[in-house]
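Descriptive analysis of the structure
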Amino acid sequence: MRTSPNIIITGTPGVGKTTHAELLAESTGLQHLSINKISEERNCTDGRDEELQTWIVDEDKLLDAIEPECLAGGVIIDWHACDLFPKSWIDLVVVIRCDSTLLYDRLSARKYSEKKLDENMDAEIMQVLLDEARDAYDEEIVVELWSNEGEDVEANVGRIVQWVDNWKKDSGRRDGAEADGKEKGGEDD
Ligand code: ADP
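Residues numbered from 1 in each chain as written. Predicted model: local features only at pLDDT ≥ 70, side-chain atom pairs only at ≥ 80, totals over all residues. Heavy atoms only, no water.

Taking an unreviewed UniProt entry as the reference, the protein chain is identified by name as Adenylate kinase isoenzyme 6 homolog belonging to Rhizodiscina lignyota. Under the heading Sequence similarities (unreviewed entry), UniProt records this for the protein chain: "Belongs to the adenylate kinase family. AK6 subfamily." (UniProt positions renumbered as here; feature names shortened; annotations may be inferred.)

Here you go:
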């Protein structure tokens with residue numbers, strides 16, 4: 001049983017996942033798992049897509065690499081895909097959204113190729129990540145949060161911090177109730 005929740009922060013590249021995940025980790029003490037970094041550091045890549053200038057991630061290797069941390073609980077998974085992580089690992093999925101004109105500026109600043117920029121713009125406009133999250137996880141654990149301006153980040157992170165506090169309180173109550181149940185069961189025997 002986890003005593004801290006696991007949270008996915010997902011969305012199209014450039015929407016603000018890392019900005020949110022870093023502030024959330026700072027505010028809660030949860031561990032930020034940047035999947036881009038981890039895939040490289042823990043040898044979970046399977047070559048490079050030169051056209052899109054990204055690593056191709058070997059998903060099986062990645063899941064094996066992060067499983068111990070996910071089972072222990074208390075991680076923030078930061079990646080532009082979410083449906084590969086087992087449902088049983090995940091307590092909350094936050095899909096960060098961004099207005100497409102703002103996203104265009106952010107991605108242009110990264111000097112993405114035209115193809116990569118177009119693909120990501122289309123994905124955001126078509127809400128691909130939100131649909132992926134809703135298909136893969138129970139509706140009630142998927143939350144869509146908009147991140148257009150600087151103050152949105154603090155407000156969004158504040159909401160998630162509150163959610164983490166509530167999750168921990170509920171989890172304490174659940175554990176207490178379970179322990180009571182066991183004790184009562186023992187008396188009946
Ligand atoms: P991602 O991890 O989704 O690729 P980042 O967190 O790296 O996105 O953010 C991309 C860029 O957008 C960064 O320069 C970041 O400072 C900026 N940014 C993120 N969120 C906001 C926001 N709410 N308002 C203004 N700029 C933002």
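Next, the rest of the story.
As a further point, take the sheet that holds strand β1 (residues 7-10). If you walk across this open sheet you meet the five strands as β2-β5-β1-β6-β7, and the pairing is parallel. Strands with a single pairing partner mark the edges of an open sheet, and in this sheet they are β2 (31-34) and β7 (142-146). Across the sheet, the mean angle from the axis of one strand to that of its neighbour is 20°, orientation sign disregarded. As defined by bridge partners, β2 adjoins strand β5 (residues 75-78) across four bridges and the pair is classed as parallel. Paired with Gln31 across the bridge in β5 is Val75. (Pairing = 2+ DSSP bridges. Helix = DSSP H or I, 4+ residues; strand = E, 2+ residues; numbered from the N terminus. Axes fitted to C-alpha atoms, helices over the stretch in contact; angles between N-to-C directions.)

A word on the site of the ligand. Gly14, Thr18, Thr19, Ser147 and Glu149 are the nearest of the 15 residues found near the ligand. Contacts to the ligand include Gly16, whose backbone N or O atom sits 3.0 Å from an oxygen atom. Arg110 places a polar side-chain atom, nitrogen or oxygen, 2.9 Å from an oxygen atom of the ligand. For the ligand, the protein covers 70% of the area, taking 560 Å² as the surface of the free molecule. Residue assignment for the shell around the ligand shows that the elements contributing at least two residues are α1 (17-28) and α7 (150-188). Element by element, the count of residues in the shell around the ligand is highest for α1, at three residues. In the shell around the ligand, the residues fall into three nonpolar, eight polar and four charged. (Near = heavy atom within 4 Å. Polar contact = N/O pair within 3.5 Å; in protein donor to acceptor, adjacent residues only side chain to side chain. Areas by Shrake-Rupley, 256 points an atom, 1.4 Å probe, with all protein chains shown as cover. Nonpolar A, V, L, I, M, F, W, Y, C, P; charged D, E, K, R; others polar.)

Once that is clear, we can look at a negative patch on the surface. A cluster of acidic residues, Glu59, Asp60, Asp64, Glu67, Asp83, Asp131 and Asp135, forms a negative patch on the protein surface. Within the residue set of the negative patch, elements represented by two or more residues are α3 (59-72) and α6 (128-136). The biggest single contributor to the negative patch is α3, with four residues. Structurally, Glu67 can be placed in helix α3. (Patch = residues over 30% accessible without salt bridge, like charges linked within 9 Å, V, L, I, M, F, W, Y side chains within 5 Å. Salt bridge = Lys/Arg side-chain N within 4 Å of Asp/Glu carboxyl O. Lys, Arg positive; Asp, Glu negative; His and termini not counted. Charge placed at Lys NZ, Arg CZ, Asp CG, Glu CD.)

Here the focus is the pairing of strand β6 (residues 92-97). Within β6, six of the six residues are buried, leaving the element largely enclosed by the surrounding structure. Neither face of β6 is exposed, since Leu92, Val94 and Ile96 on one face and Val93, Val95 and Arg97 on the opposite face are all buried. Pairing of β6 with β7, which is carried by five bridges, proceeds in the parallel orientation. By the bridge assignment for β7, Ile96 is matched with Leu145. (Buried < 20%, exposed > 50% of the residue type's maximum accessible area, 1.4 Å probe, protein only.)

This part takes up the side chain of Asn120. With respect to the helices and strands, the residue Asn120 is situated in helix α5 (residues 114-125). Asn120 gets classed as buried once you look at its relative accessible area, which sits at 11%. When residues no more than four places from it in sequence are discounted, the contact partners of Asn120 are Thr12, Pro13, Leu103, Leu107 and Tyr112. (Contact = heavy atoms within 4.5 Å.)

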